[in-house]
Amino acid sequence: MGTIRKNIRASRTPLPKSPTGISGLDEITLGGLPRGRPTLVCGGAGCGKSLFGIEFLVRGATQFNENGVLMTFEEPVRDVTQNVTSLGFDLDSLVARKKLVIDHVRVERSEIEEAGDYDLEGLFIRLNYAIDSVGAKRVVLDTLESLFSGLANHAILRAELRRLFGWLKEKGVTAIITGERGEATLTRQGLEEYVSDCVISLDHRVIEQVSTRRLRVVKYRGSTHGTNEYPFLIDEDGISVLPVTSAGLEHQASSERVGTGVKDLDSMLGGKGYFRGSSILVSGTAGTGKSTLAAHFADAACRRGERCLYFAFEESPHQILRNMRSIGLDLGRHVASGKLRFHASRPTLYGLETHLATVHKKIADFQPRAVVVDPISNLATAGSLPEVRAMLLRLVDFLKMRQITALLTNLTSGGQTLEGTDVSVSSLVDTWLLLRDLEHNGERNRGIYVLKSRGMAHSNQVREFLITSRGIKLVDVYLGPAGMLTGSARVAQVAREAADELKGLKEVARRQRLLKQKRQAMEAQVLALRAAFEAEREEVLSEVAIDRLRREKAGGDRAEMARSRSAGTGTARGNENGHGMAAVRRDREILR
């Protein structure tokens, strides 16, 4: 079976395609329209069928060197050229350079007399001449409904239409035929969609007073294609289709870090800030500083030399610039240097899909490295919550695919659980910062903490922050006896503790002085006692010496008396003198 599958894949021949040059459409059709085959573009009035065909011809002539023919049955040549001049399409120049032929076939019911059988051979001859005159590879017929309205015999027309589609195939031109939408069919006649190899349906719908244009590839013979409805825009650059309809998970994950614009907040995120290409959600109630934090992020990106695109759904660019100047952020200089660009609009200006297509187009034009969407919660006014979530899912995926760091702000309604969002996108983002009010002692302060940050170590502390004239400043965490203190309670507690510390220092100094005084008194007492001891010692020694001398004298007297009485007294006196001197030495040692 594996060998059979390999052989089947090897034998596949891709269908030749003709690129349209219309932004996004070639991605949906995987290369463009079927080359050498007819494509039906159908839809109601005002959905962009004629412009679709004209842009197909202009892009072919200017980008792919394929000349074209426009055969219009509704508008004269002058009106056609004037209508697309505002889009930058210079049809007169293309006609003059033999890159394009425009032929207006006038079909007026009042000017036609039908009799018997007839055919559209004259139309074929006219079209063939136009194709051969410039060697056209592309043909647009706009619109076939004019033929049916001008001719009564629809049976002949239906048969001739079949022949026309076959003839275009034989001619080998890539053709677009436009048609009006029918009630139960893609076209009013219900035939063109069956004989066309590719059918594209354009739709311009209005839901709750908000209009959105959508495109869908109904069928494409011989090729796979996107089958969903795709929003598309018509602006000064023509048609652009948004090809992303589902979230992909194939984006790269960068390890590079980018600063938040607030140094202390960087330290809460591992000291380095956000990951490059990640999505950041900043949520909180009104007045907590979400837009201010977003402005710091934009300012940091521009100071790094990167481009930042700021989508504002609540304030005008001038108001944002003025407000940020009050906190020391001069975003105006980044606007002047071309690093920062604003796109401001009300969410109700158009539908969600058109908003998303606009974001895609603006990003493709500006090529930013950072994007701010402020706030995403306002988009809920342009659609239901499931639609908003789907739109934001596609937006986040698109930004990640391009490695664009995105910061989204979200307004949390009062009374709502803070750890949640109105549009349920918290699970889509990589980093979630929660700003909250900290009410204590009759005052309101601001706090910030990191609810989650994938792939990095981050702080689990609630930090008080101040919005000062020099931007956001985070205050160190301060824990008092009753928990974390903020605002005046923190200031009062710091003052009390400072006073207590000063009081303690004074008490220590007092006790040190008292100890010093006691030591000095003790040392004085010791000196006095030593002096008294020495005095007494000298007195005792003196008395001992006197007593010894007295005894010596008494002993001498007794010896003299004994000598005078008898003989042999010399020996007795010498012994007595020796004993007397030893006694004096003993007495002195004892006193020492």
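Small disclaimer: the values here were computed from a predicted structure and weren't measured.

(A) Highlighting helix α14 (residues 352-366). Here α14 contains 15 residues, and its C-alpha end-to-end distance of 21 Å stays within 8% of the 21 Å for a straight helix at 1.5 Å per residue. Inspection of α14 places L352, E353, T354, H355, L356, A357, T358, V359, H360, K361, I363 and F366 among the buried residues, and these make up the whole buried set. Just past α14, the residue Q367 takes up positive phi, approximately 55 degrees.

(B) Structural view of the layout of surface pockets. The space that makes up the largest pocket amounts to roughly 360 Å³. The wall of the largest pocket is formed by 21 residues, among which S23, V241, H360, K361 and A364 lie closest to the centre. Broken down by secondary-structure element, the contributors of at least two residues to the lining of the largest pocket are α3 (49-63), β11 (238-241) and α14. In terms of residue class, the lining of the largest pocket is built from eight nonpolar, five polar and eight charged.

(C) Structural context of the side chain of D142. Looking at the element boundaries, D142 is found in strand β6 (residues 138-142). Buried within the structure, D142 lacks any salt-bridge partner; its nearest side chain of opposite charge belongs to K49, at an N-O separation of 6.6 Å. Side chain to side chain, D142 and S50 meet in a polar contact 2.7 Å long. Sequence-distant contacts of D142, defined by excluding residues within four places in its chain, comprise S50, M71, T72, F73, E74 and T178.

(D) Spatial organisation of the pairing of strand β4 (residues 68-72). Taken across its five residues, β4 has five buried, putting it largely inside the fold. Here β4 shows a buried face lined by G68, L70 and T72 and a second buried face lined by V69 and M71. In this sheet, strand β5 (residues 100-104) lies alongside β4 in parallel orientation, the contact comprising five bridges. Of the residues in β5, the one forming a bridge with G68 is L100. One ladder, built from five bridges, connects β4 with β6; its direction is parallel. Across the sheet, the residue bridging to G68 is R138, located in β6.

(E) Structural view of the side chain of R214. Tracing the sequence through the fold places R214 in strand β9 (residues 210-220). Overall, R214 belongs to the buried group, its relative accessible area being 16%. Each residue touching R214, except ones within four places of it in the same chain, is listed here: S201, L202, D203, R205, E229, Y230, P231, F232 and E353.

Basis of the calculations
Residues numbered from 1 in each chain as written. Predicted model: local features only at pLDDT ≥ 70, side-chain atom pairs only at ≥ 80, totals over all residues. Heavy atoms only, no water. Helix = DSSP H or I, 4+ residues; strand = E, 2+ residues; numbered from the N terminus. Expected span 1.5 Å × (residues − 1). Buried < 20%, exposed > 50% of the residue type's maximum accessible area, 1.4 Å probe, protein only. 1 Å grid on protein atoms, 1.4 Å probe; cavity = no way out; pocket = protein on both sides within 12 Å on 5 of 7 lines; lining within 4 Å. Points joined across faces, edges and corners; volume = space filled by probe spheres on them. Nonpolar A, V, L, I, M, F, W, Y, C, P; charged D, E, K, R; others polar. Lys, Arg positive; Asp, Glu negative; His and termini not counted. Salt bridge = Lys/Arg side-chain N within 4 Å of Asp/Glu carboxyl O. Polar contact = N/O pair within 3.5 Å; in protein donor to acceptor, adjacent residues only side chain to side chain. Contact = heavy atoms within 4.5 Å. Pairing = 2+ DSSP bridges.

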